[in-house]
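Residue-level listing of the chains:
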Amino acid sequence: MDITRKLPEECIADIISKTSPPDACKMSLVSRTFRSAAASNLVWEALLPPDHQQIISESVSSSSSLNILSMKDLYFSLCDNPILINNGKRSFTIHKWSGKKCYMLGARELGVIWGDASQYWIGVIRIMCKFSEVAHLVDVCWLHVWGLIETKILSPNNRYGAYLIYTIGDQPHGLDKPVKLLVRFLDEIRCDYINAYLLSRTSMDDAPEDEDARFPRDREDMWMEIEMGEFFNHDQVDRVVEMHLRETEVLNWKSGLVIHGIEVRPKD
């Protein structure tokens, strides 16, 4: 039996809206009726975050071009084209396969030890960057970078990961030593630091034998990322998550680190 002849298109659209973005795309291949229903505003408005219009209104750039898009086009635009909010210090996108909210804290929104002293850190303009500036490490012997994000702005009942987005500039020095990473709720006492290396194994002369240590991976946008940790965002719980990159006990002068920001996105 062809159910497309028995059910109104609006009913089919309502059913599809309760699935997921990948399912909606697959169902558009079933028939002409399903294709029309799967492309409807009813479906994609349900798949968008409930507060997407409020977030768009906070964009530092003009949101008029987004407001004229269909819900489906708006969904994929927010997946592929981050919008800047919080005076341009933070970006917002949508995770394409889940519709969950993603944020990135730019370098100007992060806490950086001695970050205001130009002999240690400088803000530079860099291509392939979401923000107006990135933080370039000139020379420092104590490295500590941290960020905070409120769980109330994230998608509820979802596991999130926090990732340091960075690259290595010209003539780096001292970045082959381990650092510590930590992600936890602000009201927690635990300090489960993770050992990590900012350089990839292949770029290190003497790769460490620490099997539990984390190493970065290359991204498609020409940056690198390293997972700092994860947390579960429960529903109806308003908490603050803190994310830290800090020095180990071995202090050494270092330079050449270029920080884009910290990205908080759903775990695949």
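Residues numbered from 1 in each chain as written. Predicted model: local features only at pLDDT ≥ 70, side-chain atom pairs only at ≥ 80, totals over all residues. Heavy atoms only, no water.

A word on helix α1 (residues 9-16). Considered for burial, the residues of α1 that qualify are Ile12, Ala13 and Ile16. The buried side chains of α1 occupy one side of the element, clustering within an arc of 100 degrees when seen end-on. For α1, the elements touching its buried residues are α2 (21-27), α3 (32-38) and α4 (41-47). (Buried < 20%, exposed > 50% of the residue type's maximum accessible area, 1.4 Å probe, protein only. Helix = DSSP H or I, 4+ residues; strand = E, 2+ residues; numbered from the N terminus. Arc of directions from axis to C-beta. Contact = heavy atoms within 4.5 Å.)

A separate point is helix α7 (residues 71-80). Of all the positions in α7, only Met71, Leu74, Tyr75, Ser77, Leu78 and Cys79 are classed as buried. For α7, the elements touching its buried residues are α2, α4, α5 (52-57), α6 (64-67), β1 (83-85) and β2 (90-94).

Put simply, the largest pocket is a space of about 720 Å³. For the largest pocket, the lining is made up of 23 residues, of which Cys79, Arg219, Glu220, Glu263 and Arg265 are closest to its centre. Put simply, the parts of the chain that give the lining of the largest pocket at least two residues each are α7, β2, β11 (217-218) and β14 (255-266). A total of 3 residues in the lining of the largest pocket trace back to one element, the largest contributor, which is β14. Grouping the amino acids of the lining of the largest pocket by side-chain chemistry returns 7 nonpolar, 3 polar and 13 charged. (1 Å grid on protein atoms, 1.4 Å probe; cavity = no way out; pocket = protein on both sides within 12 Å on 5 of 7 lines; lining within 4 Å. Points joined across faces, edges and corners; volume = space filled by probe spheres on them. Nonpolar A, V, L, I, M, F, W, Y, C, P; charged D, E, K, R; others polar.)

Of all residues in the protein, 94% attain a pLDDT of 70 or more, and the chain-wide mean is 88. Within the protein, the lowest mean pLDDT, 80, falls on α3, and the highest, 97, falls on strand β3 (residues 101-106). (pLDDT = per-residue confidence, 0-100.)

By the definition in use, this model includes 20 salt bridges. Salt-bridge contacts for Glu263 lead to Arg219; the nearest nitrogen and oxygen are separated by 3.2 Å. In this pair, Glu263 is assigned in strand β14 and Arg219 in the loop between β11 and β12 (224-233), connecting sequence segments 44 residues apart. Exposure class is identical for Glu263 and Arg219. Each is buried. Between Glu263 and Arg265 there is a salt bridge, and its shortest N-O distance comes to 2.5 Å. The class of Glu263 is buried, set by a relative accessible area of 9%. Salt bridges sharing common partners tie together Arg217, Arg219, Asp221, Glu225, Glu263 and Arg265. (Salt bridge = Lys/Arg side-chain N within 4 Å of Asp/Glu carboxyl O.)

The strand order across the open sheet formed by 5 strands is β4-β7-β13-β9-β10, and the pairing between neighbours is antiparallel. Both outer strands of the open sheet, β4 (111-112) and β10 (194-196), are each paired with one neighbouring strand and no more. Direction of pairing for β4 relative to strand β7 (residues 144-150): antiparallel, over a ladder of 2 bridges. For Val112, the partnering residue across the bridge sits in β7 and is Val145. (Pairing = 2+ DSSP bridges.)

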